[in-house]
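Understanding the architecture of this molecule
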Amino acid sequence: FNDDYLSYFNPLAARVIQWTKQALSPDNIEYLKSLPEKLQENNITFVHGSLKDPDRYILESTDVIEEIEEMRKKKIQLEFFGHTHIKVIFMEEEGMLLAKEKWFHLNAEKIYLINPGSVGQPRDRDPLASYLIYDPEKHRILYRRLKYDVDKTIAKMQLAGFQPFTYNRLKIGL
């Protein structure tokens with residue numbers, strides 16, 4: 001892991017990344033290096049940021065349109081992405097849909113961009129961990145929330161010397 005990219009991060013985020021890098025064992029680092037940048041099976045893909053750039057934030061309507069066009073070119077119908085930490089569903093021609101905690105059936109004729117949220121740092125003003133279940137046989141997803149011990153996590157972060165902003169945001173889901 002080359003540290004040159006840290007200059008693109010704010011100083012607090014760079015400090016957390018450096019701490020994480022030091023906390024990982026050599027085996028952990030080798031395992032992470034061995035992981036693919038994206039996974040694709042048939043017409044479904046899993047990416048961190050986007051198909052073109054793992055560090056791209058898909059937040060604005062132009063980002064969504066560009067990503068759906070890229071999916072169309074590559075014949076991808078369903079993309080699970082992260083990076084923003086915000087649970088959301090984008091459907092071609094419909095735009096943003098509400099991500100509720102009940103089964104959501106996907107239209108087999110449409111293209112979807114789906115973000116499960118974040119287990120470690122949800123940014124939708126809900127401190128509960130957010131994840132989803134994908135049922136490929138029934139072509140549906142289910143968002144879930146899970147309570148975890150935020151205070152214990154914060155205490156560990158304080159012990160590690162993190163700045164208050166990095167852990168206080170966990171209490172409010174930012």
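Look a little higher up for the structure.
1. Points about the sheet that holds strand S2 (residues 44–47)
On the basis of which strands lie adjacent, the open sheet formed by six strands has the order S1-S2-S3-S7-S4-S5 and mixed pairing. In this open sheet, the two strands that pair with only one neighbour each are strand S1 (38–41) and strand S5 (95–97). The mean angle between the axes of side-by-side strands here comes to 20°, regardless of whether they run parallel or antiparallel. Note that strand S3 (residues 78–80) and strand S7 (residues 112–115) share three bridges and pair parallel. The residue bridging Glu-79 from the neighbouring strand is Leu-113, located in S7.

2. A look at unusual backbone geometry
When glycine is set aside, most residues are seen to have a negative phi, and most peptide bonds are trans. One non-glycine residue, His-83, lies in the positive phi region at around 70°. Mapping His-83 onto the fold places it in the loop between S3 and strand S4 (88–91). Given the relative accessible area of 13%, His-83 is considered buried. Even without being glycine, Glu-93 reaches a positive phi, approximately 70°. Following the sequence through the fold, Glu-93 ends up in the loop between S4 and S5. On the basis of relative accessibility, which here comes to 68%, the residue Glu-93 falls in the exposed class.

3. What to know about the pattern of salt bridges
Taken as a whole and judged by the stated rule, the model has eleven salt bridges. The salt bridge involving Arg-56 is made with Glu-66; its shortest N-O contact spans 2.6 Å. Separated by ten residues along the polypeptide, Arg-56 in the loop between S2 and helix H3 (61–73) and Glu-66 in helix H3 bring together distant segments of the chain. For Arg-56, a relative accessible area of 18% puts it in the buried group. According to the relative accessible area criterion, Glu-66 is partly exposed, its value standing at 45%.

4. A short note on helix H4 (residues 150–159)
Of all the residues in H4, the buried ones are Val-150, Ile-154 and Met-157. Buried residues along H4 cover an arc of 60° about the axis, so they all sit on one side. Away from the buried face of H4 by more than 90 degrees, exposed residues Asp-151, Lys-152, Lys-156 and Leu-159 are located. The opening residue of H4, the one whose side-chain oxygen lies 3.4 Å from the backbone nitrogen of Asp-151, is Asp-149.

5. Notes on the environment of Leu-142
Along the chain, the position of Leu-142 falls in strand S9 (residues 140–146). Judged by relative accessible area, Leu-142 falls into the buried class, the value being 9%. Ignoring sequence-local partners within four residues, the contact set of Leu-142 consists of Glu-101, Lys-102, Trp-103, Tyr-131, Leu-132 and Ile-133.

6. A few points about the sheet that holds S9
Taken in spatial order, the three strands of this open sheet run S6-S9-S8, and their pairing is antiparallel. Where the open sheet ends on each side, the last strands, each with one partner, are strand S6 (104–105) and strand S8 (129–135). Across seven bridges, the pairing between S8 and S9 is antiparallel. Bridge pairing links Asp-135 to Arg-140 in S9.

Here is what the cut-offs are and how they apply
Residues numbered from 1 in each chain as written. Predicted model: local features only at pLDDT ≥ 70, side-chain atom pairs only at ≥ 80, totals over all residues. Heavy atoms only, no water. Pairing = 2+ DSSP bridges. Helix = DSSP H or I, 4+ residues; strand = E, 2+ residues; numbered from the N terminus. Axes fitted to C-alpha atoms, helices over the stretch in contact; angles between N-to-C directions. Buried < 20%, exposed > 50% of the residue type's maximum accessible area, 1.4 Å probe, protein only. Salt bridge = Lys/Arg side-chain N within 4 Å of Asp/Glu carboxyl O. Arc of directions from axis to C-beta. Polar contact = N/O pair within 3.5 Å; in protein donor to acceptor, adjacent residues only side chain to side chain. Contact = heavy atoms within 4.5 Å.

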